Structure formats: C-alpha cells, structure tokens
Amino acid sequence: ADEIQKLRDRKRAKEHEIKDSTLPEIAIVGRSNVGKSTMLNTLTESPNTARVSSKPGLTRQLNFYRCGDKFVVVDMPGYGFAFAKEEDKTAWKELIEDYLGTRKSLKRIYVMIDARHGLKVADKEFLTMMGATSSKKFQVVLTKCDLVSPPDLARTYMVVQEELKKSFRNAMTDRILMVSSYTGAGMNTLRKDMLFECGQ
Ligand code: GTP
Ligand code: MG
C-alpha cells in the first residue's frame, strides 16, 4: 500500500530525465479513443496529468510520466484513426517501432482494448506489427467496463483470451485485466500489476 501511495506522487518527466532514465518503463498502447490518457490520469489520481479528448488522435507523441521513484508510464499515440497525410502515418509507425523495438528500460507493454468491442481489425494489425518489432510480452486491459453489462464483459473476456492464445505468442493470456476510469473499477489491480512488473 505504501508503494501505491508513492506511485500517486507522479510528475511529468523532463526531456533530459527521459533520455538518461534507468527507471523501469511501462508503455500504454491501444486504439485511438480507447481511453489510454484517461486511464493514466485515474492511475495517478491526477485529472490533469495526460490530455484527454473525445476526438480520436489527440495524443501524437510519446508522453512520459514518472510514478514516484518507482517507474515511468509512457502514454503512446493511438492507432486506428484516419491519418490526413501518409507521411503522418509513416512517422507514427517509426516512432512506435523505434520505441517498442529498442528501448532498454521498457519492461512491459499494456494494450488497451475497448470492452464494448473486443479485438478489432486495427487491434490485430497493430499486435501483428508489434510482434514483428518486439519480443516483449504484453498485457491486455479491457477499458470502459462501465459501459458493458457483466455478462457481456465475461463473454468478451473469453473471446479475447482465445484470440490472443491462438494468434499472438507474446500475449500474456493467464488473465486479462478489466478497468473503468470512470468508476475506478480494476484500477488498484492494475497499479499492483505494474509495480510487480517493475520488480517492486
Ligand atoms: P488518443 O490519445 O486519441 O489515442 O485517445 P486515448 O486512448 O488517450 O483516449 P482518451 O483518454 O482521450 O479518452 C477518449 C474518450 O473516452 C473520452 O471522451 C473519455 O472521457 C472517454 N473515456 C475514457 N475512459 C473511459 C471509461 O472508463 N468509461 C467511459 N464511459 N468513458 C471513458
Ligand atoms: Mg491519449
């Protein structure tokens, strides 16, 4: 519980801190509008940490947030929305591939999936690209669970778990996490999971 308290004492990391950082890092990826930035705000219990918008494609860069002295969470730009220019798409892909493929302090990737939809084509395409870029394990988190009924959530859980087992060898399939940033459900489990992954 002490560690979780410290985790809440987060702050936005500065440029030089990022480059030389030896703190373990956790990357948050997922379809645009799936609720990554909102999740980060709830995780750190600070409403203004990461910018949130109902318009997809808001987050365009890697944003690093320090969680106390324990680890750094990286809010990544989402996929699946239409890029206005092809160059933008190429730049996005290079940014993601470079970070996920080469970052030494990256401990774990969390993939956010909308609990209402499960794995969509864009998710599968992204996970395939990720598998070709990085051999790191990833943990799936279902988001916006407040918007689905418990039976629907249970069904989506099973379907997603099966699809991961079948097609994505880097997926952690023992369990899938479920959260709602609006109600706070699942958030403590997610925090503990992240601390554990970072060896705390
Ligand atoms: P990009 O930066 O474009 O990749 O999007 P994002 O994944 O960071 O999504 P963001 O956090 O900006 O949230 C998108 C929309 O979903 C906002 O309107 C949020 O208020 C809403 N939202 C986020 N989390 C939840 C949730 O747990 N429940 C519900 N009902 N809505 C949510
Ligand atoms: Mg965002």
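Rules used in this analysis
- Residues numbered from 1 in each chain as written.
- Chains lettered and ligands numbered in written order.
- Predicted model: local features only at pLDDT ≥ 70, side-chain atom pairs only at ≥ 80, totals over all residues.
- Heavy atoms only, no water.
- Phe/Tyr/Trp six-rings, centres within 6.5 Å; stacked < 30°, edge-to-face > 60°.
- Helix = DSSP H or I, 4+ residues; strand = E, 2+ residues; numbered from the N terminus.
- Buried < 20%, exposed > 50% of the residue type's maximum accessible area, 1.4 Å probe, protein only.
- Axes fitted to C-alpha atoms, helices over the stretch in contact; angles between N-to-C directions.
- Parallel < 35°, antiparallel > 145°, perpendicular 65-115°, else oblique.
- Contact = heavy atoms within 4.5 Å.
- Nonpolar A, V, L, I, M, F, W, Y, C, P; charged D, E, K, R; others polar.
- Salt bridge = Lys/Arg side-chain N within 4 Å of Asp/Glu carboxyl O.
- Pairing = 2+ DSSP bridges.
- Polar contact = N/O pair within 3.5 Å; in protein donor to acceptor, adjacent residues only side chain to side chain.
- Expected span 1.5 Å × (residues − 1).
- Arc of directions from axis to C-beta.

Q: Hey, could you run me through the packing of aromatic side chains in this one?
A: We describe a pair of aromatic rings using the distance from one ring centre to the other and the angle between the two ring planes. Under the definition given, this model contains 3 aromatic pairs. Centroid distance Trp92 to Phe126: 6.2 Å. Interplanar angle 50°. Geometry classified as tilted. Of the two residues, Trp92 sits in helix 4 (residues 86-102) while Phe126 sits in helix 5 (residues 121-133), which places them 34 residues apart along the sequence. Here the two residues Trp92 and Phe126 agree in accessibility, since each one is buried.

Q: Looking at this structure, how should I read the packing of helix 3 (residues 36-43) against helix 7 (residues 187-197)?
A: Relative placement of two packed helices is described by the angle separating their axes and the distance separating the axes. Axis separation between helix 3 and helix 7 bottoms out at 10 Å; the angle between their running directions is 85°. One element, helix 3, and the other, helix 7, form an angle in the roughly perpendicular class. Only Met187, Leu190, Arg191 and Met194 of helix 7 make contact with helix 3, whose side of the interface consists of Met39, Thr42 and Leu43. Within the contact of helix 3 with helix 7, the residues separate by chemical class into 5 nonpolar, 1 polar and 1 charged.

Q: Even after reading the chapter, I still don't get the pattern of salt bridges, so can you show me in this structure?
A: Oppositely charged side chains may form a pair once their charged atoms are brought near each other. Following the criterion strictly, the structure yields 8 salt bridges and no others. As a salt-bridge pair, Lys93 and Glu97 come within 3.4 Å of each other at their nearest N and O atoms. In this pair, Lys93 and Glu97 both sit in helix 4, 4 residues apart, roughly one turn of the helix. With relative accessibility at 27%, the residue Glu97 sits in the partly exposed group. Between Asp193 and Arg175 there is a salt bridge, with the nearest N and O atoms lying 2.4 Å from each other. Here Asp193 is found in helix 7, whereas its partner Arg175 is found in the loop between helix 6 (150-167) and strand 7 (177-178), with 18 residues between them in sequence. For Asp193, a relative accessible area of 7% puts it in the buried group. Residue classification places Arg175 among the partly exposed positions, given a relative accessible area of 36%.

Q: What should I look at first to understand the pairing of strand 2 (residues 25-30) in this one?
A: Consecutive side chains along a regular strand alternate between the two faces of the sheet. Counting buried positions over the 6 residues of strand 2 gives 6, a clear majority of the element. In this structure, strand 2 lies alongside strand 5 (residues 106-114), joined through 6 bridges in parallel fashion. For Ile26, the partnering residue across the bridge sits in strand 5 and is Arg108.

Q: Is there a simple way to explain the environment of Tyr157 in this structure?
A: By the element assignment, Tyr157 lies in helix 6. With a relative accessible area of 16%, Tyr157 lands in the buried category. Taking the C-alpha atoms as reference, Tyr157 lies 8.2 Å from Ala115; in sequence the two are 42 residues apart. The contacts of Tyr157, once residues within four sequence positions are left out, are Leu142, Asp174, Arg175, Ile176 and Met178. Reaching out from Tyr157, the side chain makes a polar contact with the backbone nitrogen of Ile176 at a distance of 3.1 Å.

Q: Looking at this model, I keep getting lost on unusual backbone geometry. Mind explaining?
A: One non-glycine residue, Asn33, lies in the positive phi region at around 80°. The topology assignment puts Asn33 in the loop between strand 2 and helix 3. With phi around 55°, Lys144 is a residue other than glycine that occupies positive phi space. With respect to the element layout, Lys144 can be found in the loop between strand 6 (138-143) and helix 6.

Q: Would you mind going over helix 4 with me for this structure?
A: One turn of the α-helix equals 3.6 residues, which is why residues spaced by three or four share an orientation. The terminal C-alpha atoms of helix 4, which comprises 17 residues, lie 24 Å apart, in line with the 24 Å expected from a rise of 1.5 Å per residue. For helix 4, the full list of buried residues reads Trp92, Ile96, Tyr99 and Leu100. The arc that holds the buried residues of helix 4, viewed along the axis, is 90°, so those residues lie on one side. Facing away from the buried side of helix 4 by over 90 degrees, the exposed positions are Glu86, Glu87, Glu94 and Thr102. Along its buried surface, helix 4 packs onto strand 2, strand 3 (63-67), strand 4 (71-75), strand 5 and helix 5.

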